[in-house]
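# Topology and contacts: notes
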Amino acid sequence: MSLRIAIDASRTTRPQPTGTENYALRLIQALIAANESRAEPYLFSLYFRDTPPADLFANSDLVEEIVIPFPRLWTHLRFATALLRARPDITFVPAHTLPFVFPGAGLVTVHDLGYRLYPEAHSRVQRAYLELSTRLSQRRAALVLADSEATAADLNRFYGTRIEKIRVVYPGLDGAALKSSAQIMEATRAKYQLPARYFVFLGTLQPRKNIGRIVKAFRRWQREHDDGNIALVLAGAEGWLFDASWLEGARNIIVTGYIDEADKGSLLAGAIALVFPSLYEGFGFPAVEAMHCGTPVIASETSSLPELVGDAGLLVDPLNVPAIAEAMGRCSDDAALRKLLIKRGYRRAKQFTWDAAAQQVMAAFDGLGGRASTSRSPI
């Protein structure tokens, strides 16, 4: 008998998706595609809070879409009630929060524990919710997926999650969406009013992303290298605790606001380097995307970034402004180094695919399927 798997797809309909929303969307799409060729396919039930676009997921007789509108506490009230009625074998939530009540076996992805390491970067309410939901989810899930070895170690460190209960599944990369050309790059520069040469940061502008030190490093680099025509592009929406003082005293800083997904590839491909010395990343999507686009990466030597970038980028202490500035100078001045980093980056980016991620998640489904009927249930 085919396993019946309920998936929380509520994040896939967000109008301005960030990393977590893209993860949910791309992984579910890959699961549907891979499921078609299985000898014993699963039966997927996708649950939404908002009606999805008709072409968001491929049509399949093995997939049903269920829209259950609800303004607040959707996960713990509306989704939970639907699960109790349907009683699937497995419930999969791609983002941190299993319902407080659900039947069968639970599988949840924990992307990062940044709220524990940098609590000041979150509101008190957000921090309390993440703490409660993640603590309960990792405890009650039959298996926990972690985006990186760093996140797996943090789960064990902060919550005592048993290592054998965690599966590290690296997210993938949508290479087709990042393809670019000289014409597309020129159109992107015109759209965001960018100069011909620029460094770029890509992500939400918030304290954890280390924006203040990135700007200071750029100012330091300017004093020794700049010809007045090179910019630092901060590509992303302002996030919680954004501080305009991070930008004070700087010149040639361009803040674009939210970047459309269709523009990310050309934005990255046109940059001198991605400057991404984030204080903490469960999985640094921009670093992997930049490597795929042939853009050198300057990244932190902390959290997940070393395991993603390896020797395909320049790793720096994110608290050391001179070190960040020096790495920027090496990327702008050393043509041989740029060529080497680009070559290594292309090779390394190929390791991260959504098909590989889907295959590992399906292996987790199969493992849970054998004990779905006896897995501990919270009801």
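The model shown is predicted, which means the values in this text are computed figures rather than measured ones.

### Topic: the nonpolar core
Membership of the largest hydrophobic core comes to 95 residues, with the highest contact counts inside it found for Leu31, Phe44, Leu46, Phe199 and Phe365. Counting 24 residues, the second largest nonpolar core, distinct from the first, contains Ala6, Leu83, Phe158 and Ile166.

### Focus on the environment of Asp263
With respect to the helices, strands and loops of the structure, Asp263 is situated in the loop between β10 (253-257) and α8 (264-269). Each C-alpha atom of the pair Asp263 and Leu43 lies 35 Å from the other, and the pair is 220 residues apart in sequence. Non-local contacts of Asp263, meaning those with residues more than four positions away in its chain, are made with Thr188, Lys191 and Tyr192. Polar side-chain contacts of Asp263 include one of 2.7 Å to the side chain of Lys191.

### What about helix α2 (residues 74-86)?
Working note: α-helix, 3.6 residues per turn, so residues spaced by three or four point in the same direction. The largest bend in α2 comes to about 35°, at Ala80. Those residues of α2 hidden inside the fold are in contact with β1 (4-8), β2 (43-48), β4 (90-93) and α4 (124-140).

### Some details on the side chain of Asp154
Locating Asp154 in the fold gives a position in helix α5 (residues 149-159). Put simply, Asp154 is tucked away with no salt bridge, and the nearest opposite charge, on Arg157, sits 4.3 Å away. Those residues in contact with Asp154, other than ones at most four positions away along the chain, are Leu113, Leu117, Tyr159 and Tyr280.

### Quick word on the pattern of salt bridges
One pass over the full model with this rule turns up 14 salt bridges. We note a salt bridge from Lys191 to Asp260, for which the minimum N-O separation is 2.9 Å. Of this pair, Lys191 sits in helix α6 (residues 182-192) while Asp260 sits in the loop between β10 and α8, and the two are 69 residues apart along the sequence. Given a relative accessible area of 47%, Lys191 falls into the partly exposed group. Of the residues examined, Asp260 reaches a relative accessible area of 35% and is grouped as partly exposed.

### Looking at the packing of aromatic side chains
Tallied over the full model, the rule gives 17 aromatic pairs. Taking the centre distance of 5.8 Å and the plane angle of 15° together, the rings of Phe218 and Trp221 count as stacked. Pair noted here: Phe218 and Trp221 are both in helix α7 (residues 211-225), with a separation of three residues, about one helical turn. Classification of Phe218 by relative accessible area gives buried; the value is 0%. Of the residues examined, Trp221 reaches a relative accessible area of 2% and is grouped as buried. Among the aromatic residues, those joined into a ring-pair cluster are Tyr42, Phe44, Phe92 and Phe365.

The rules behind the values
- Residue indices follow the written sequence of each chain, beginning from 1 at its first position.
- Whole-chain, interface and lining totals are the exception, using all residues; otherwise, since this is a predicted model, local features are given only for residues with pLDDT of at least 70 and side-chain atom pairs are given and counted only at 80 or more.
- The basis for every side-chain value is the complete set of non-hydrogen atoms in the structure, without hydrogens or water.
- Residues belong to one nonpolar core when they are buried, are Ala, Val, Leu, Ile, Met, Phe, Trp, Tyr or Cys, and are joined through side-chain atoms within 4.5 Å.
- Think of it in three bands: residues with accessible area under 20% of the maximum for their type are buried, residues over 50% are exposed, and the middle band is partly exposed, with areas taken using a 1.4 Å probe on protein chains only.
- Numbering goes from the N terminus for both helices and strands, where a helix is a DSSP run of H or I of at least four residues and a strand is a run of E of at least two.
- Should any heavy atoms of two residues lie within 4.5 Å, those residues are considered in contact.
- Pairs of N or O atoms are called polar contacts if they sit within 3.5 Å, as long as, within protein, a hydrogen donor faces a hydrogen acceptor (for residues adjacent in sequence, only side-chain-to-side-chain pairs).
- A residue's bend is simply the angle between two axes: one fitted to the seven residues ending at it, one to the seven starting at it.
- In this tally, Lys and Arg are treated as positive and Asp and Glu as negative; His is ignored, and so are the chain termini.
- By definition, a salt bridge exists where a carboxyl oxygen of Asp or Glu is found within 4 Å of a side-chain nitrogen of Lys or Arg.
- Two aromatic rings, drawn from Phe, Tyr or Trp (for Trp, its six-membered ring), form a pair once their centres lie within 6.5 Å of each other, and the interplanar angle then sorts them: stacked below 30 degrees, edge-to-face above 60, tilted otherwise.

Remember that the coordinates give geometry; whether it matters functionally is a separate question.
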